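Structural overview for review
Residue strings, one per chain:
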Amino acid sequence: MATRAQVLIPVTIAAVIIGATGLLTIPADHKVDTAEFPRGTIRLDGALFGVQVADTPPLRTRGLMFQDPLPLDEGMLFVFDAPARHSLWMMNMQFAIDMMWFDAGGSLVHMELGVAPCQSALEAATCVSIAPPVEATHVLEATAGFAEAHGVGPGSVLEIVSA
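Keep in mind that what you see is a predicted model, and the values were worked out from it rather than measured.

1. Focus on the overall build of the protein
- What the protein contains, in helices and strands, is 4 helices and 7 strands.
- Within the protein, buried positions represent 37% of all 163 residues.
- For the protein, long-range pairs separated by at least 24 residues make up 70% of all intrachain contacts whose partners lie at least 6 apart in sequence.
- When the accessible area of the protein is evaluated, it comes to approximately 8700 Å², of which 60% is carbon and sulfur surface.

2. Some thoughts on the side chain of threonine 143
- Within the secondary structure, threonine 143 is located in strand β6 (residues 136–143).
- Residue classification places threonine 143 among the buried residues on the basis of a relative accessible area of 13%.
- Those residues within four positions of threonine 143 in sequence are excluded, and the remaining contacts are Pro69, Leu70, Leu72, Phe95, Ala96, Ile97 and Asp98.

3. As for the sheet that holds strand β4 (residues 97–102)
- Here 7 strands make up an open sheet; going across it, the order is β5-β4-β6-β3-β2-β1-β7 and the pairing mixed. Strands with a single pairing partner mark the edges of an open sheet, and in this sheet they are β5 (108–115) and β7 (158–162). Each neighbouring strand pair of the sheet contributes to a mean axis angle of 30 degrees, computed without reference to strand direction.

Thresholds applied
Residues numbered from 1 in each chain as written. Predicted model: local features only at pLDDT ≥ 70, side-chain atom pairs only at ≥ 80, totals over all residues. Heavy atoms only, no water. Helix = DSSP H or I, 4+ residues; strand = E, 2+ residues; numbered from the N terminus. Buried < 20%, exposed > 50% of the residue type's maximum accessible area, 1.4 Å probe, protein only. Contact = heavy atoms within 4.5 Å. Areas by Shrake-Rupley, 256 points an atom, 1.4 Å probe, with all protein chains shown as cover. Pairing = 2+ DSSP bridges. Axes fitted to C-alpha atoms, helices over the stretch in contact; angles between N-to-C directions.

Laid out in structure tokens, this is it:
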């Protein structure tokens with residue numbers, strides 16, 4: 001029977017190699033120490049919120065990575081060109097988030113609440129993408145607790161005021 005060390009050492013080495021390989025294969029335009037996101041405003045169920053807008057592949061790839069938790073009146077809006085089952089992951093996140101997918105008409109079609117980040121090398125090796133069961137054109141990410149604090153749920157509607 002293998003000892004704990006005989007199992008953990010190879011797993012740890014594999015996780016480090018996978019993580020390093022992943023970082024090395026990210027295109028250069030996605031590797032930024034700090035990212036400047038355009039700012040916008042959304043209306044969600046009648047209330048206005050400021051958002052960072054991720055509307056290009058590099059900005060969508062970067063997302064909320066490495067950022068501090070957002071105030072509960074802010075978020076990041078991912079804007080996609082076409083409806084699809086757009087998946088997101090929690091790699092290099094510093095805090096748990098609420099993820100809300102909206103269709104082209106602005107209706108909420110799926111939510112994942114309190115999604116935990118993947119931070120360590122071992123977590124990076126097993127960090128999975130989160131995809132909705134239906135197509136969407138926009139995803140709103142906000143600090144965990146946002147949806148509950150603002151009553152977001154079935155029937156919620158998103159309107160882009162400025163992006």
